[in-house]
Amino acid sequence: MERQDKIWVDICKAKYFPRAGFWGATNTRGTSQLWREVVKFRGELKEEVCWQIWNGQKAYAVSQPWFQGWQTQSGASTADKKLKVRDLVDTQTNQWREDQLVRLFGPQEAIQILSTVRAPDLNSNLDDALIWKRVKEGRYSVKEGYEWRMKLENSLRTDTVNETHWLRISTLKNVVPKVKIFLWRLLVGTLPIAQNLHKRIRAISPMCQRCTIENEFECHCFFFCPGSRAVWFTSPLMLRVHELPLNITQAFNHITQTLDQQGMVIFSYTMWELWKGRNEVVMQHKTFNPIQIRKNVMAWITDEHQSNPQHTVISQREEQQQYEVSNDEWQMLVDGSWDSTGKAGTAFVVYKEGIAHCFAYNHHQMSDPFHTEATAVHEAIKALCNEIRSPHDQRICINTDCQILANAILKEEIDNLPSWKAIPAVHQSIQMIKQKENRIRINYVCREAVRPAHVLANFARGGMTATTVTVVNQGTLAAWGISTALDRNFFPDSEN
Ligand SMILES: [Zn+2]
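Residues numbered from 1 in each chain as written. Predicted model: local features only at pLDDT ≥ 70, side-chain atom pairs only at ≥ 80, totals over all residues.

Looking at an unreviewed UniProt entry, one finds the protein chain named Ribonuclease H-like superfamily protein, with Rhynchospora pubera as its source organism.

**Description of the overall build of the protein chain**
The test is simple: The secondary structure listing takes helices from DSSP runs of H or I that are at least 4 residues long and strands from runs of E that are at least 2 residues long, numbered from the N terminus. Here a residue counts as buried when 20 or more other C-beta atoms fall within 10 Å of its C-beta, as exposed when 12 or fewer do, and as partly exposed in between; the C-beta atoms come from the backbone. For the purpose of contact definition, each residue receives a C-beta atom placed from its backbone, and two residues are in contact when these atoms lie within 7 Å.
Counting its secondary structure elements, the protein chain contains 20 helices and eight strands. For the protein chain, buried positions account for 36% of its 496 residues. Look at the contacts in the protein chain between residues 6 or more apart in sequence, and 67% of them connect residues 24 or more apart.

**Digging into the packing of helix α4 (residues 98-105) against helix α5 (residues 107-116)**
How two helices sit against one another is set out by the angle between their axes and by the gap between those axes. Operational definition: As a rule, the C-alpha atoms of each element are fitted with a line to give its axis, helices using only the stretch in contact, and angles between N-to-C directions run from 0 to 180 degrees. Note on terminology: angles under 35 degrees are roughly parallel, angles over 145 are roughly antiparallel, angles of 65 to 115 are roughly perpendicular, and the others are oblique. Should the near helix be turned anticlockwise from the far one by less than a right angle, the crossing is termed left-handed; should it be turned clockwise, right-handed. Side-chain classes follow a simple rule in which Ala, Val, Leu, Ile, Met, Phe, Trp, Tyr, Cys and Pro form the nonpolar group, Asp, Glu, Lys and Arg form the charged group, and the remainder, Gly included, forms the polar group.
It is at 7 Å that the axes of α4 and α5 come closest, and there the two elements cross at 130°. It follows from the interaxial angle that α4 and α5 lie oblique. Considering the relative orientation of α4 and α5, their crossing is right-handed. Here E98, L101, V102 and F105 of α4 come into contact with α5, specifically with P107, E109, A110 and I113. Here the contact of α4 with α5 is built from residues that sort into six nonpolar, no polar and two charged.

**Quick word on the pairing of strand β5 (residues 355-363)**
Note the threshold: For two strands to pair, DSSP has to find at least two bridges joining them.
When you tally the buried positions in β5, you get seven out of nine residues, the bulk of the element. As paired elements, strand β4 (residues 344-352) and β5 share nine bridges and run antiparallel to each other. In the strand pairing of β5, A347 is matched with A360.

**What to know about the confidence of the model for the protein chain**
Quick reminder of the rule: Along the chain, pLDDT gives the predictor's confidence residue by residue, from 0 to 100.
Residue-level pLDDT values for the protein chain average 74, and 70% of them are 70 or greater. Within the protein chain, helix α15 (residues 313-319) has the poorest average pLDDT of any element, 32, and helix α10 (residues 218-224) the best, 93. Confidence drops under pLDDT 50 across residues 1-20; counting only partners more than four residues distant or on other chains, this segment forms 15 contacts. Below pLDDT 50 for its whole length, residues 134-161 participates in 15 contacts with residues either more than four positions away or in separate chains.

**Observations regarding the nonpolar core**
Across soluble globular proteins, you tend to see nonpolar side chains buried next to one another. Our working rule: For this analysis, nonpolar core means a set of buried Ala, Val, Leu, Ile, Met, Phe, Trp, Tyr and Cys residues linked through C-beta atoms within 7 Å. Domain segmentation is taken from an automatic or database assignment of domains.
In terms of nonpolar packing, the biggest core is built from 60 residues, with W66, L101, A110, L114, F223, Y269 and M271 touching the most fellow members. Broken down by element, the residue count for this core peaks at nine residues, all from helix α13 (residues 261-284). Each of domain 1 (7-158) and domain 2 (161-319) gives at least three residues to this core. The residues contacting A110, other than those within four sequence positions of it, are E98, L101, V102, F105, P177 and I181. Listed in part, the 46 residues of the second largest apolar core include F348, A406, A408 and I442.

**Points about unusual backbone geometry**
Unusually for a residue other than glycine, T212 sits at a positive phi of about 50°. One can find T212 in the loop between α9 (194-200) and α10. Notably, H285 is not glycine yet its phi reads approximately 55°, a positive angle. Following the sequence through the fold, H285 ends up in the loop between α13 and α14 (290-307). Exposure remark for H285: the 8 C-beta atoms within 10 Å place this residue in the exposed category.

**Here's the deal with α13**
So the rule is basically this: Helix span, expected: 1.5 Å multiplied by one less than the number of residues in the helix.
Taking 1.5 Å as the rise per residue, α13 with 24 residues should run 34 Å; its terminal C-alpha atoms sit 34 Å apart, in good agreement. Remark: H285 follows α13 within two positions and exhibits a positive phi of approximately 55°.

**Things to note about the environment of V377**
Topologically, V377 is positioned in helix α16 (residues 369-385). Of the residues examined, V377 has 30 C-beta atoms within 10 Å and is grouped as buried. When the C-alpha positions of V377 and F348 are compared, they lie 8.3 Å apart, and in sequence the two are 29 residues distant. Once residues lying within four places of it in the same chain are set aside, the contact partners of V377 are V334, I398, T400, L405 and S429.

**Details of helix α8 (residues 177-187)**
When α8 is considered as a whole, its buried residues turn out to be V179, K180, I181, L183, W184 and L186. Backbone geometry just downstream of α8 places G189 in the positive-phi region, at approximately 75°.

Spelled out as structure tokens, the structure:
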């Protein structure tokens, strides 16, 4: 059939499949017995014959078999039927256009193509060849058939791990195909991660462009890079990033074996958003923003939540929350944590409309504990003006366990602070409170009252290497044994 010059092909084509091509032609009324036999035989032939793709110029994408598991796409539009395999390739990158593969064949088949067929080389002079699948170079012999079979079986055996993974990924409900494909590409090592690119092109640096601390290998990119760690820190999955193996397949096993279907959905979207965020840094030189990534993940999951309410983690998590918070004044717990190497963490929890919003920051060169406390309060006030977006007339109470700091801000005295390094933070805090027309007040409370913020600050102090801000969710708090409701032993008036 490939030999278009043969006259009988022309005759057959004109008579039986003028539009559809050999593989797409169907039995129509009035066709001969011979042709019916050919159509019947074609079904068997389809299993045996396949286009081998080189430059993608000859093979039609939806009307001719060219990958394992190819099926006639009976619903394909006329325009789609005209598509050659080369039309499924991005001419800029010479990579498969995944959106097109999914659109034409569905996610399952798209994966099959991505994992088994190399994208055609558009510049190649080598034409696609119709091959007898079971034999090398289209010639059949018993020996070669046997060798082919053994090769196939061996290749299947080495791919068992990946097949198990793929089974897990492909059966995920509530995850869109492009994200499934992305996960698959991650596992088979075809994502353009710096270290992978460096192996092929020496001129490309293997270094992670986000942190410039170490090479960007898969697990660094998704788990170990400080920005990624910050994202996982905010995730309801409670992933212990530092315990993960270095190998991505092993790490994937390690994580997914403990996750249920709902956890897998969150995991999948977190990975996807991490990758998008990372690409924005690498390609558009944007700043990596863990808060934005968390928001994006939540948007995915909330959408799923709405379409399928009984199937998400979020619905479970929210049942755990029981906040009784005053409507007329938000309570904010603030604390800092400092060690003698100058590493510090600051954090706050604000109870707003029944939800605890938690932020944690880490810092490097904090001179002393007071400097840290002052910075913690300053960060909290800044957040009220930015991330938290408190309404203009909202009254907010900032609770700190540092009496000197509370007094200094109350009395607007910055001359006798125990640390001169803290002066700018205290000064700016006073100014910002003034700008808010004194709707923000500062309150001195005992240490236990700010415990949630203290735990977060401790966590933020450890490990991270760049200054990052982290949004912590209620699920994480609950998992750490921190009450997610405002403790009424310390805030008895909060119910009014
Ligand atoms: Zn990095």
